[in-house]
Amino acid sequence: MTGPHTLLAPTFSVRVARAEDAAALADLSRPFVRSGALRERPVSLYATHAADFLVTEAPGGTLEGCVGLRVHPAGPGEGRRAAGVVYNFCVAGQRQGSGVGAGLLRAVLARARALSLGGLFTATTGGGGLFLRYGFTPTTARLAPQSWAESLDPRRNARILRRIL
């Protein structure tokens, strides 16, 4: 017999991506690239930066979600701690609303704390509801890591969010 919490048990695990996950990361991201929510990245970039990514893996091994975390050291004379940038956050369509995204966001927050980052930044072309529920607030590009802020495409009209850790 199953109890009332049986359906709440996670049906995925979170782990650090490996270079051999690169094609699956690109496949997972493709629908979001097509919709304009994500920038297109070549498979080689996913392979090179695999260690940036946390992924959710279904029991059969299929990747159902991913999120990247890039660390940006504080600039000289800034007097602040390194910051992280959360990027390429996506969950497969059939898993949206199942807790996969929230699980990934909790995992990336834990990773950022373990790295002693001062804060996290992200840019979203969507509403950012999940980020807002997890303590992110709207901010400006001037508070973000300079190299990342300069890489943002103004035509995408993305909203920048920040969470202090």
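This text gives an overview of the structure that appears in the document. (Residues numbered from 1 in each chain as written. Predicted model: local features only at pLDDT ≥ 70, side-chain atom pairs only at ≥ 80, totals over all residues. Heavy atoms only, no water.)

## Re the sheet that holds strand S3 (residues 63-72)
Part 1 of the reasoning: An order of S1-S2-S3-S4-S5-S7-S6 is seen for the 7 strands of this open sheet, with the pairing classed as mixed. Because the sheet does not close on itself, it has two edges, and the strands there are strand S1 (13-16) and strand S6 (137-138).
Part 2 of the reasoning: Pairing of S3 with strand S4 (residues 83-91) involves 7 bridges; the strand directions are antiparallel. Paired with glycine 65 across the strands is valine 91, a residue of S4.
Part 3 of the reasoning: On top of the sheet, helix H1 (residues 22-35) reaches strand S2 (53-57), S3 and S4; it is set at about 95° to S3, its chief contact.
Part 4 of the reasoning: The sheet strands contacting helix H3 (residues 100-114) are S1, S2, S3, S4, strand S5 (119-124) and strand S7 (159-164), and the helix crosses S3 at an angle near 25°. (Pairing = 2+ DSSP bridges. Helix = DSSP H or I, 4+ residues; strand = E, 2+ residues; numbered from the N terminus. Contact = heavy atoms within 4.5 Å. Axes fitted to C-alpha atoms, helices over the stretch in contact; angles between N-to-C directions.)

## A few points about H3
Part 1 of the reasoning: Taking 1.5 Å per residue as the helical rise, H3 with its 15 residues ought to reach 21 Å, and the 21 Å between its terminal C-alpha atoms agrees with that figure.
Part 2 of the reasoning: Looking only at H3, the buried set comprises Val100, Gly101, Ala102, Gly103, Leu104, Leu105, Val108, Leu109 and Ala112.
Part 3 of the reasoning: In the stretch just after H3, serine 116 is the one whose phi turns positive, near 60°. (Expected span 1.5 Å × (residues − 1). Buried < 20%, exposed > 50% of the residue type's maximum accessible area, 1.4 Å probe, protein only.)

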